[in-house]
Amino acid sequence: MTEINAVTKLERDGDVAVLVLNSPPVNALSSNVRQGLYDGFKAAGASDAKAIVLICEGRTFIAGADITEFGAPGKPTASLLDVQAMMEDSPKPVIAAIHGTALGGGLEVALCAHYRVAVPSARLGLPEVALGLLPGAGGTQRLPRVVGVETALEMMTSGRHVPAPEAHKLGLVDELAPEGKLREAAVAFANKCVAENKPLVKISENNTKLQAAKGKPEIFAEFRKANARKFRGFDAPEANIKCIEAAVNTNSFEEGLAEERRLFGGLMSGAQSAAQRYYFFAERQANKIPDVPDDTPIREIKKVGVLGAGTMGGGISMNFANIGIPVTIVEMQKDALDRGLATIRKNYERSRGAKPEETEKRMSLLTGSLDMNDFADCDLIIEAVYERMDIKKDVFKKLDGIAKPGAILATNTSYLNIDEIAAVTKRPQDVIGMHFFSPANVMKLLEVVRGEKTGKDVIATAMKLAKKIGKVAALAGVCHGFIGNRMLSQRQREAQKLIMEGAMPWDVDRVLYDFGFPMGPFAMSDLAGLDIGWVKENSKGETLRDVLCEADRRGQKTGAGYYDYDENRVAKPSAFTEKAINDFIVKSGANPRKISDEEILERSIYPMINEGLKILEEGKAIRASDIDVVWVNGYGWPVYRGGPMFYGDLIGGPAKVLEKMKAFEAKMGDDFKPAPLLEKLAAEGKKFADLNK
Ligand code: 3HC
Ligand code: NAI
C-alpha cells in the first residue's frame, strides 16, 4: 500500500492497482482529493499494474465537487480536468467502483473511467441544477453520449439520482456487483478487461447516440414546452438544455465542452446559484440544534396515532404509511372517518405511477377507529382536530390518560400556544408541535415547535423522523403562528390593505407570481376555500370575505371566489369582486390610487423580513437561514431567491430594509415599525447572514 496523500492511497490486488479515496463525509472533490486522484492515477500508471480500479471508502463514492470551495480562491492543485484526462487517456483500463452516490463531479469522474461497476443500492446523477448550476466537468457532453439526448435532458434538468439497476439498463453502469462485494467485483471486472483485451472506451469519442437527435430541434422545443411551468423563473434548466443542444449541434466534443464552460461560468457568477448553494447548506444547518447534540438519544417510533381524519390528518397519516409505519386514525364520527380514509385512497390512486398493490399495501397500514383508547400502543400521536384551544385541551387531557408512558404527544396546530396545551397533561416534556403544511403528503416542510418543557430527546426524535418521512424540518419556538404563519400574517395584512387602496387581487397575485411564488395570496385563498373559519349565521357583509361567501363565491370549489373560474378551473379577474372592492372603498371614504408593482412587492416582503427579525430576537428561530428553509419548503418562496432573509441581503441588507420600513412607517404607521434588531444590524453595518450560526 502506498499513501498518496491524506485522503488517497494506492493498493494492489494481484495485477490491479486499487486507488482508494477516503475524504469524509461524502468524498467531495476538494483540492486535496483532486491532487490525491491525480497523483494516484499517475502512480498507478507508472506501476506494473495492468488495470486500475477507483473506489471510495465511507458512505459513498464521490458525491460531487466540494461546494464549500465554490467562490473561494483556487488552490494550486490539480484540476478536475487534469484528473479526467489522466483517466480517459490511461493506456490501462480504468474502472470506477460505485457505492452510495456518484453525483455531479463524482459522476463526471466516473464517466472518464473506461467502465463503471456499481452495487444495486448506488445512485447516479447530475444534480447540479439544484444548485443553480450545470455539470461543469464534461458531464453535459458525456452523459448524452451514453444515455441519449432525451434521458440526459430529463436527468440533468431534474437532478434525479438514478438507481444503479436503472443506470445499468441505460448503459451508464456496465456491471452490477453484489451488495457488499464491490471491490471484489470491480477487480474481477478489471482482470476480465485485461484478459479479454476489452477496448478502452472513451465516451467523449462516441457520438452514436447524439446522431439520433441531429437535425431534430423539435426534441428540445417540446421538452422546453412540456416543462415550462416547472422551470419557470430558474436560469439553470435552460442552460443545461443548451449544453445538450451544443453536444448535438457542434462539430466536436471540445466545442461542446467550451460551450459548457461558458454557460457554467455564467451560472456560477449569478445570483440564482449563490442563492441555491446557500440554500443547500441552510437546509442541512436547520437540523443542527445547539443544545440538542446529534447524539441525543431518540425514541423509537414503530406505531403512530393520528387524531382527526380531515384535511391534515389524512395527509399526515400517508407520510407514515409510505415508509411502512402503521397508523391508527381516530375520528369522532363514522362518516368523517370513512370520508377521510376514502380521500387517502383516492390520493394514492391518483398519484403518478401508482400501482394498485402499492395502494393496497399502504391502505392496509391504516386502521380507522372511533375510540381514542386505540392509541394506547402508539409511540407518537399527532393531533389534527379543529383549531380551537378548548378542543385541543380537551383531547390532550384524554390523550394523557390513554397514551403509554414515553409516547410523544404532538399537535399540528397552526397558531395555538403549545405550552398551554402541554400544561393540561402530566407530561409536558412529551408534548411538541409537529406542524405539517397542506397538502401534508406533498409539502416538504415540517415546522417542529419546541415547547418550554419539551424534552430534548423528543425534539431530536421529531427532527430525525421528519427526515425519515422525506420532510425538511426547521425548529421554531412557541409564538402566534410560529415562524411561517407569523410572517405570512404580515403579507396577508398588506395584501388586504393593498386592495382597499386601489390594487386589485389579480395585481397583487401577479406581482408575487412574477417574483416566483407558485401563486399569490388571493389565488391561494380561492384554492384553500374562502369559507375556512367563516360562519354563515354570523356573516353581516362587513368584510369583503363576507360579501364573497354570502354570494356563494367560496373559492375554486364553488367556481368563484376572488376570481371567476371556468370549467377547467382557469382563473379570470372578476367584475363582481372588483365592484365589491370598489363599494368598500367608497364606503370607507378613501380615494383609490394607482399602486405600482414595486410598492406591492415591497409591502409584501419587507414587513415579512422585519417580522423574521422579531422572531430571531425573541429566540423563536435559531438562525436566519432556518427562516429561509421554512419559506422555501412551506410557502413556495422561490429557492433561486434563497428565502426572505437571504433576499434581504441580496437587495441591500439591513440598512436598505430599514430605510424602506421607515419610509412606509412615515406614510402608513405602525405596521411598518422596524424591529429593534433591524435597527441594530443596520447601525452596526451588518448583514442578515450574520445572524446565521
Ligand atoms: N460539497 C461539500 N459538502 C458536501 C457536499 C458537497 N458536494 N455534499 C454533501 N456535503 C456535506 C453536507 O453539507 C453535510 O455536511 P454536515 O454534516 O456538516 O451538515 C454532509 O456532507 C452530509 O451530507 P447530507 O447531510 O446531505 O448527507 P446525506 O447522506 O443525506 O446525503 C448526499 C448525501 C446525497 C451526497 C447529499 O449530501 C447531496 O446531495 N450532496 C450534494 C450533491 C451534489 O449536489 N453534487 C454536485 C455538486 S456540484 C458539482 O459537482 C459541480 C461539477 O459539475 C463541477
Ligand atoms: P379539518 O376540519 O379538515 O379536520 C379536522 C377533523 O378533526 C375533522 O374531520 C373532525 O371531525 C375531527 N375532529 C374534531 N374534533 C375531534 C375529536 N375530538 N376527536 C376526533 N376527531 C375530531 O381541519 P384541518 O384543516 O385538517 O386542520 C386540523 C388542524 O391542523 C388544525 O389545528 C389546523 O390549524 C391545522 N393545520 C391546518 C392546515 C390547513 O391548511 N388546513 C395547515 C396546517 C395546520
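Before reading further, recall that the structure is shown in the block above.
Residues numbered from 1 in each chain as written. Chains lettered and ligands numbered in written order. Predicted model: local features only at pLDDT ≥ 70, side-chain atom pairs only at ≥ 80, totals over all residues. Heavy atoms only, no water.

Chemist: How should I be thinking about the pattern of salt bridges in this particular structure?
Modeler: Should the charged atoms of two oppositely charged side chains come close, the side chains can pair. Overall, the coordinates contain 61 salt bridges when judged by the stated rule. A salt bridge links Arg 12 to Asp 48, with the nearest nitrogen and oxygen atoms 2.8 Å apart. One end of the pair, Arg 12, is in strand β2 (residues 8-13); the other, Asp 48, is in the loop between α1 (31-46) and β4 (51-56), and 36 residues separate them in sequence. Taking relative accessible area as the criterion, Asp 48 reaches 62% and is therefore assigned exposed. Across the pair Glu 494 and Arg 493 runs a salt bridge, and its minimum N-O distance is 3.0 Å. For Glu 494, a relative accessible area of 0% puts it in the buried group. (Salt bridge = Lys/Arg side-chain N within 4 Å of Asp/Glu carboxyl O. Helix = DSSP H or I, 4+ residues; strand = E, 2+ residues; numbered from the N terminus. Buried < 20%, exposed > 50% of the residue type's maximum accessible area, 1.4 Å probe, protein only.)

Chemist: How do you make sense of the site of ligand 2 when you look at a structure like this?
Modeler: As a matter of local geometry, ligand 2 sits amid 20 residues, with Met 312, Glu 331, Glu 387, Lys 392 and Ser 414 nearest to it. For ligand 2, an oxygen atom lies 2.4 Å from a polar atom in the side chain of Glu 331. Between ligand 2 and Lys 392, the relevant distance is 2.6 Å, taken from an oxygen atom to a side-chain nitrogen or oxygen of the residue. With the chains in place, 80% of the 820 Å² that ligand 2 exposes on its own is no longer accessible. Sorting the residues of the shell around ligand 2 by element identifies α14 (311-321), α17 (389-402) and β16 (431-436) as the ones contributing at least two each. Split by residue class, the shell around ligand 2 holds 9 nonpolar, 8 polar and 3 charged. (Near = heavy atom within 4 Å. Polar contact = N/O pair within 3.5 Å; in protein donor to acceptor, adjacent residues only side chain to side chain. Areas by Shrake-Rupley, 256 points an atom, 1.4 Å probe, with all protein chains shown as cover. Nonpolar A, V, L, I, M, F, W, Y, C, P; charged D, E, K, R; others polar.)

Chemist: Would you take a moment to explain the nonpolar core for this structure?
Modeler: Burial of nonpolar side chains together is a common tendency in soluble globular proteins. Among the nonpolar cores identified, the biggest contains 95 residues, and Phe 375, Val 508, Leu 613, Leu 616, Trp 631 and Trp 637 are the most heavily contacted of them. At 8 residues, the largest contribution of residues to this core is made by helix α25 (residues 597-617). Residues contacting Leu 616, with those up to four places away along its chain left out, are Ala 621, Ile 622, Arg 623, Ala 624, Ile 627, Met 645, Leu 677 and Leu 691. (Core = buried A, V, L, I, M, F, W, Y, C linked by side-chain atoms within 4.5 Å. Contact = heavy atoms within 4.5 Å.)

Chemist: Is there a simple way to explain the side chain of Ser 90 in this structure?
Modeler: Residue placement: Ser 90 occurs in the loop between α2 (80-88) and β5 (94-98). Residue class for Ser 90 comes out buried when judged on its relative accessible area of 8%. At 2.6 Å, the side chain of Ser 90 forms a polar contact with the backbone oxygen of Lys 92. Non-local contacts of Ser 90, meaning those with residues more than four positions away in its chain, are made with Ile 52, His 114 and Leu 200.

Chemist: What exactly am I supposed to notice about the packing of helix α20 (residues 484-501) against helix α26 (residues 624-634) here?
Modeler: Their axes nearest at 10 Å, the elements α20 and α26 cross at an angle of 70°. The pairing of α20 with α26 is recorded here as roughly perpendicular in orientation. Contact residues: α20 offers Gly 484, Met 487, Leu 488 and Arg 491, while α26 offers Ile 627, Val 630 and Trp 631. Broken down by class, the residue content of the contact of α20 with α26 amounts to 5 nonpolar, 1 polar and 1 charged. (Axes fitted to C-alpha atoms, helices over the stretch in contact; angles between N-to-C directions. Parallel < 35°, antiparallel > 145°, perpendicular 65-115°, else oblique.)

Chemist: It is not clear to me how the side chain of Thr 8 should be interpreted in this structure. Could you clarify?
Modeler: Note on placement: Thr 8 falls in strand β2. Within the structure, Thr 8 has its side chain in polar contact with the side chain of Asn 5 (distance 2.4 Å). Beyond its immediate sequence surroundings of up to four residues, Thr 8 is in contact with Glu 3, Leu 19, Val 20, Leu 21, Gly 36 and Leu 37.

Chemist: Sorry, what's going on with the site of ligand 1 here?
Modeler: Neighbouring ligand 1 are 25 residues; Arg 59, Glu 108, Glu 128, Arg 284 and Lys 288 lie closest to it. In the environment of ligand 1, an oxygen atom lies 2.6 Å from a nitrogen or oxygen atom belonging to the side chain of Lys 288. At 3.1 Å, a side-chain N or O of Lys 467 approaches an oxygen atom of ligand 1. Counting residues per element, the ones that place at least two in the shell around ligand 1 are β6 (101-103), α3 (105-110) and α13 (271-285). For the shell around ligand 1, the class distribution of residues is 13 nonpolar, 5 polar and 7 charged.

Chemist: Before we go on, may I ask you to explain the sheet that holds strand β9 (residues 162-163) in this structure?
Modeler: Whenever strands of a sheet pair, they do so through backbone hydrogen bonds, lying parallel or antiparallel. Pairing is mixed in the open sheet, where 3 strands are placed in the order β6-β8-β9. The open sheet terminates on both sides in strands that have one partner only, identified here as β6 and β9. (Pairing = 2+ DSSP bridges.)

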